[in-house]
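Single-letter residue listing:
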Amino acid sequence: MSNQMKGAYILMESLLKENVDTIFGYPGGSIMPTFDALYDYMNRFNYVLTRHEQGAAHAAQGYARVSGKTGVCLVTSGPGATNTLTGIADAMMDSTPLVVIAGQAGSAFLGTDAFQEVDLVGCTLPITKWSYQIRSAADIAPAVAKAFHIANSGRKGPVVLDFAKNAQVEMAEFNYQKCTFTRGYIPYTAINPSQIDAAAEIINSAKKPLALVGQGVILANAEAELKAFLEKADIPAGNTLLGLSALPSDHRLNKGMLGMHGNVGPNIKTNEADVIIAIGMRFDDRVTGDLKTYAKQAKIVHLDIDTAEMDKNVKVTAKVLGDVKDSLPELTNRLKEAKHTEWIESFNEYEAKEDEKVIRPEVYPTEGPLKMGEVVRKISEATNNEAVLVTDVGQNQIMAARYFKYTKSRSVVTSGGLGTMGFGIPAAIGAKIGAPERTVCMFAGDGGFQMTIQELGTIMEKQIGVKMIILNNNYLGMVRQWQELFFQERYSSTPMVNPKFGAIADAYGIKNKEVCTREELDAAIKEMFADDKPYLLIANCEEKGMVYPMVPAGETVTNILLG
Amino acid sequence: MANNNNKAAECNDGKRLYTVTVFSENQVGLLNQISIIFTRRHLNIESLSVSQSALPGIHKFTITSITDEDTIEKVVKQIDKRVDIIKSFYHTDEDVVYQEIALYKVSTEQFLGLGSIEDLIRKYNIRILEMSENCVVMEKTGHYEETQGLFQELSTKLTVLQFVRSGRISITRSKIERLSDMLAKLEAIKKQ
């Protein structure tokens, strides 16, 4: 039986076979045949027209991060495709499953500098798991199958399909086969029992163990396995920025965030622990500070799915290669039940010190201008600590990550590895679509908000009920903080002359409120959560707020500034 | 590519010459995928040779680069991680039997004027590939030092009109055939 179809329709059918329900995109010349086919599928896909291709990429990331599904972007060639590069690089750094389908000039024109031709495969090779050019209609279904297999397996990441125009209009037989194997790519390694034994022996002999929890736990849906592991052996845990929410904030063994702006306890204890168990994390420099002085006293056990991460930054004593969903239970089985009461209590003095010097003044001030931390905590509590937190990048990101509280997994969508300003608004759009039943709170600074401000149009059109908060200090705050600390207060290019954000929100028909006082803030928060419509809260905060604690870049992880 | 100096192969700040072999799918753009991994770490590719392998559909890259073991290990892991790469290994000179080929073009008049052609041919085991009124083309295979030795001797005696050396090709000495093992493992995974 013949099942001939036009290439663009093969793509649509292939996406349905991969259970794609949402597409973020922007049309243009060389992807027009595909958008023409999409017109016939509008009742089967939730198609979201963003206002810029970068927004489409970040929205797809936000969607993927909260849902665990692969985010899909559909854009045109040339500038359409290059506009997605920041999102693709971001997804590569943060292991976010993404399939970006971009139009391309017809095969016959390739290499001739045709209109809107760009070597997208060449541009994206360093920032994708896989990048492939589809040059014929017969090639579409296998390429899509392989793309989804690669994006959302193993260490997840972005895949680019460069979709030549002729392939979109040619006819081919449609016969979809899911891809489960591609030679040379082994996404899941069988857990090696001898690695488990070696790791268990080290952990069982530990007197002062510390777990470092990364996003690998969330990507593997291994939150329950993590909890069982930590509880059985009574191991305190620090989280990376992306690992936040894998373990609830108030869990007895959760000792907070690691790294540059992390909590004092887990950073100090990193250099006191006798055994460190790194779970689905990659020893990023923002976590480790100076590697020469990082955890030199400790035996290090590293559980990760990506063999290229083993010994990359930190030499490990024992590695356990594989999905932590598989390795954690096996390791837990071999662990002896233990109690490390004294060790765990030794975190308390640092918690108390941080609470007194940093947290209380930031979160519970009674006078002076609004503090970023207090705005964040109030909003978190107004959602019963159940919301999804989306952040932009900078002080707003760190304040939000530190003072938001987490009761559910997949509650943090932030640009960790790449640190992409402008990530916030579009990622929040994607997050709300990916988890419509959850409240989504997006924190941005006045700088980052304006980098993708055009996506307010998407929010308006689709009435996406995201709650946006600008922590406005009229500065590019994080850079300003570094200038204050390390560049003799020479505020080069950091003061911001800002528009009336409320007037912009008004223009998009988005309800909004600008607040300066605690009373106004409380009232606005109440108003913000009164319904599930989009809302913009502009919180004018102290101009020269600082994010503490801080381990200055490249310094020893225990060299912590408290203000 | 930098002028190869095999002194570095012995030792130089803990660095030495490594031979990286990469087995890949036969696809467009593979070389780019591999080379950008060297570029990111600012590693020079000293020599490069690409050909089909003994196995149908699998290409073999032989790349040499001077660095330390820690770095080359990370580079190989990053190469290996690429979806279209089947397997990548690194070796020291002791692990492999390796060879390069060099061609030398000189003018026939100068060549005949050397006087000691037989000695030169015996000393370097030269093959003459072409001889015409204007030029003689010689071939020599060997390690870098050997092909370079002939080039230097010729250069002192006459003008070398053209000189070219290939990238290294190599075969492992080991008893274990790691690619075959890898392919068998992949077949087993596929069947699961």
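A.B. asks: Just give me the short version of the overall build of chain A, but keep the residues and values in it.
C.D. replies: Scanning chain A from terminus to terminus reveals 24 helices and 20 strands. Scaling as 2.2 N^0.38, a compact globule of 563 residues should have a C-alpha radius of gyration of about 24 Å, and chain A matches this with 24 Å. Summarising its shape, the C-alpha atoms of chain A cover approximately 70 × 60 × 40 Å along the three principal directions. For chain A, the exposed surface amounts to about 20,600 Å²; the carbon and sulfur share of it is 51%. On chain A, the mean spot of the 56 positive side-chain charges and the mean spot of the 65 negative ones are 3 Å from each other.

A.B. asks: Mind laying out the nonpolar core, listing which residues take part and the relevant values?
C.D. replies: All names here are of chain A. I203, L226, F229, L230, I277, I279 and V301 are the most contacted members of the largest nonpolar core, which totals 52 residues. Those residues in contact with V301 that sit more than four places away from it in its chain are A199, I202, I203, V275, I276, I277, A278 and A318. F24, V66, V390 and A505 belong to the second-largest nonpolar core, a separate cluster that totals 47 residues.

A.B. asks: So, the confidence of the model for chain B: which residues are in play, and what are the values?
C.D. replies: Predicted coordinates in regions of low pLDDT should not be interpreted in detail. Residues and elements named next belong to chain B. Here chain B averages 91 in pLDDT, while 94% of its residues score no lower than 70. Within chain B, strand 7 (residues 135-142) carries the highest mean pLDDT (98), whereas helix 1 (residues 7-10) carries the lowest (48). Residue range residues 1-9 is modelled with pLDDT below 50. Its contacts to residues more than four positions away, or to other chains, number 21 contacts. Here the predicted complex scores 0.95 on pTM and 0.90 on ipTM.

A.B. asks: Tell me what's going on with the packing of aromatic side chains, and back it up with residues and numbers.
C.D. replies: When we look at a pair of aromatic rings, we describe it by the centre distance and by the angle of the planes. Residues and elements named next belong to chain A. Tallying each qualifying case throughout the model produces 17 aromatic pairs over all chains. Ring centres of F24 and Y63 lie 6.1 Å apart, and the angle between their planes is 65°; on these two criteria the pair is classed as edge-to-face. Placement of the pair is F24 in strand 2 (residues 22-25) and Y63 in helix 3 (residues 53-67), with a sequence separation of 39 residues. Here the two residues F24 and Y63 agree in accessibility, since each one is buried. By the ring-pair criterion, three or more aromatic residues cluster together here, those being Y9, Y41 and F45. Stacked on the ring of Y475, the Lys or Arg R480 has its end atom at 5.6 Å from the ring centre.

A.B. asks: Kindly report on unusual backbone geometry, identifying the contributing residues and their values.
C.D. replies: The bulk of non-glycine residues show a negative phi, and the bulk of peptide bonds are trans. Residues and elements named next belong to chain A. Residue P549 follows Y548 across a cis peptide bond; omega there is -5°. With respect to the secondary-structure elements, P549 resides in the segment after strand 20 (535-540). Although it is not a glycine, D113 sits at a positive phi angle of roughly 60°. As for its position among the elements, D113 is in the loop between strand 5 (98-104) and helix 6 (120-124). Despite not being glycine, D234 shows a phi value in the positive range, around 55°. Along the chain, D234 falls in the loop between helix 11 (223-233) and strand 10 (237-239).

The rules behind each value
Residues numbered from 1 in each chain as written. Chains lettered and ligands numbered in written order. Predicted model: local features only at pLDDT ≥ 70, side-chain atom pairs only at ≥ 80, totals over all residues. Heavy atoms only, no water. Helix = DSSP H or I, 4+ residues; strand = E, 2+ residues; numbered from the N terminus. Rg over C-alpha atoms; globule rule 2.2 N^0.38 Å. Areas by Shrake-Rupley, 256 points an atom, 1.4 Å probe, with all protein chains shown as cover. Lys, Arg positive; Asp, Glu negative; His and termini not counted. Charge placed at Lys NZ, Arg CZ, Asp CG, Glu CD. Core = buried A, V, L, I, M, F, W, Y, C linked by side-chain atoms within 4.5 Å. Buried < 20%, exposed > 50% of the residue type's maximum accessible area, 1.4 Å probe, protein only. Contact = heavy atoms within 4.5 Å. pLDDT = per-residue confidence, 0-100. Phe/Tyr/Trp six-rings, centres within 6.5 Å; stacked < 30°, edge-to-face > 60°. Lys NZ or Arg CZ within 6 Å of the ring centre and 35° of its normal.

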